[in-house]
Amino acid sequence: MRRAIYPGSFDPVTNGHLDIIGRCCKLFDEITIAVVVNPQKRPLFTVEERQAILREVLPRVEAGECRLTVDSFEGLLVQYAVAQEAGAIVRGIRAISDYEYELQMALMNRRLDPRIETVFMMSAEAYSYVSSRLVKEVYQLGGSVTGLVPAAVEARMREKLGRT
Ligand code: PNS
């Protein structure tokens, strides 16, 4: 059983995240999409809302035989991965600028627990500039985010932030 954790803030989930999950499904039997609980951040959506949105949009992913689950975690990611009996952490890389920070985290996680491998996945070029942060900013300033996030996410942002 090849089990992986795909951790992140997912505030909110974008089509770039879903693209990464779809690609991972070819490599793993089971992937847990794990929303981090970070009291230092002020997210747009609560952890519960982010999990609910993920559960709503995951059926859009062509998962094949891969089982997708949604969870949240607090504390060290590697400890959570071990507790879940996962062998790998998946992170998406959009551009070389992501790589430095991701490498730092991957090496720190390896030092903390060498049993857990980090797997970097390259997102589709079409999503190479898409981030949750930019999606929120563009939406809040009145721009269109159609095609960058699932329609369900747009609907939730509309509920949360207003706008027709
Ligand atoms: O979507 P994000 O915000 O880029 O995800 C960052 C995340 C959740 C992967 C990172 O903040 C994390 O792993 N947090 C858990 C705490 C931890 O293990 N810190 C040490 C990482 S080297």
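Residues numbered from 1 in each chain as written. Predicted model: local features only at pLDDT ≥ 70, side-chain atom pairs only at ≥ 80, totals over all residues. Heavy atoms only, no water.

Engineer: I tried to follow the site of the ligand on my own but got confused; where do I start?
Structural biologist: Close to the ligand lie G8, S9, V36, K41, F73, G75, L76, L77, R91, M105, M108 and N109. One nitrogen or oxygen atom from the side chain of S9 is found 2.6 Å from an oxygen atom belonging to the ligand. Within the backbone of L77, an N or O atom sits 2.8 Å from an oxygen atom of the ligand. Relative to its unbound accessible surface of 550 Å², the ligand loses 74% to contact with the protein. The element best represented in the shell around the ligand is helix 4 (residues 96-112), accounting for 3 residues. When grouped by side-chain class, the residues that make up the shell around the ligand number 6 nonpolar, 4 polar and 2 charged. (Near = heavy atom within 4 Å. Polar contact = N/O pair within 3.5 Å; in protein donor to acceptor, adjacent residues only side chain to side chain. Areas by Shrake-Rupley, 256 points an atom, 1.4 Å probe, with all protein chains shown as cover. Helix = DSSP H or I, 4+ residues; strand = E, 2+ residues; numbered from the N terminus. Nonpolar A, V, L, I, M, F, W, Y, C, P; charged D, E, K, R; others polar.)

Engineer: How do you make sense of the side chain of E102 when you look at a structure like this?
Structural biologist: Its location among the elements puts E102 in helix 4. The class of E102 is buried, set by a relative accessible area of 6%. Setting aside anything within four residues of it in sequence, one finds E102 in contact with R91, I93 and F120. (Buried < 20%, exposed > 50% of the residue type's maximum accessible area, 1.4 Å probe, protein only. Contact = heavy atoms within 4.5 Å.)

Engineer: How do you make sense of the nonpolar core when you look at a structure like this?
Structural biologist: If you look at soluble globular proteins, the nonpolar side chains tend to sit buried side by side. Core analysis: the biggest nonpolar cluster contains 36 residues, and Y6, V13, I21, I31, I33, V90 and M157 have the highest contact counts within it. Taken together, the elements giving at least two residues each to this core come down to strand 1 (3-8), helix 1 (15-24), strand 2 (30-36), helix 2 (47-57), strand 4 (88-93), helix 5 (132-140) and helix 6 (151-161). Look past the residues within four positions of I31 in its chain and what remains in contact with it is A4, Y6, I21, C24, C25, C66, R67, L68 and T69. With 10 residues, the next largest nonpolar core counts A34, V78, A86 and I89 among its residues. (Core = buried A, V, L, I, M, F, W, Y, C linked by side-chain atoms within 4.5 Å.)

Engineer: Would you explain the sheet that holds strand 1 in this entry?
Structural biologist: Neighbouring strands of a sheet are bound in pairs by backbone hydrogen bonds; such pairs are parallel or else antiparallel. With parallel pairing, 5 strands are arranged side by side in an open sheet as 3-2-1-4-5. A single partner strand is all that each edge strand has here, and the edge strands are strand 3 (67-73) and strand 5 (117-122). Strand after strand, the sheet turns through a mean of 30° between neighbouring axes, direction not considered. When strand 4 meets strand 5, the two strands line up parallel, connected through 6 bridges. For A88, the partnering residue across the bridge sits in strand 5 and is E117. This element, helix 1, spans strand 1, strand 2, strand 3, strand 4 and strand 5 of the sheet and lies at about 115° to strand 5. (Pairing = 2+ DSSP bridges. Axes fitted to C-alpha atoms, helices over the stretch in contact; angles between N-to-C directions.)

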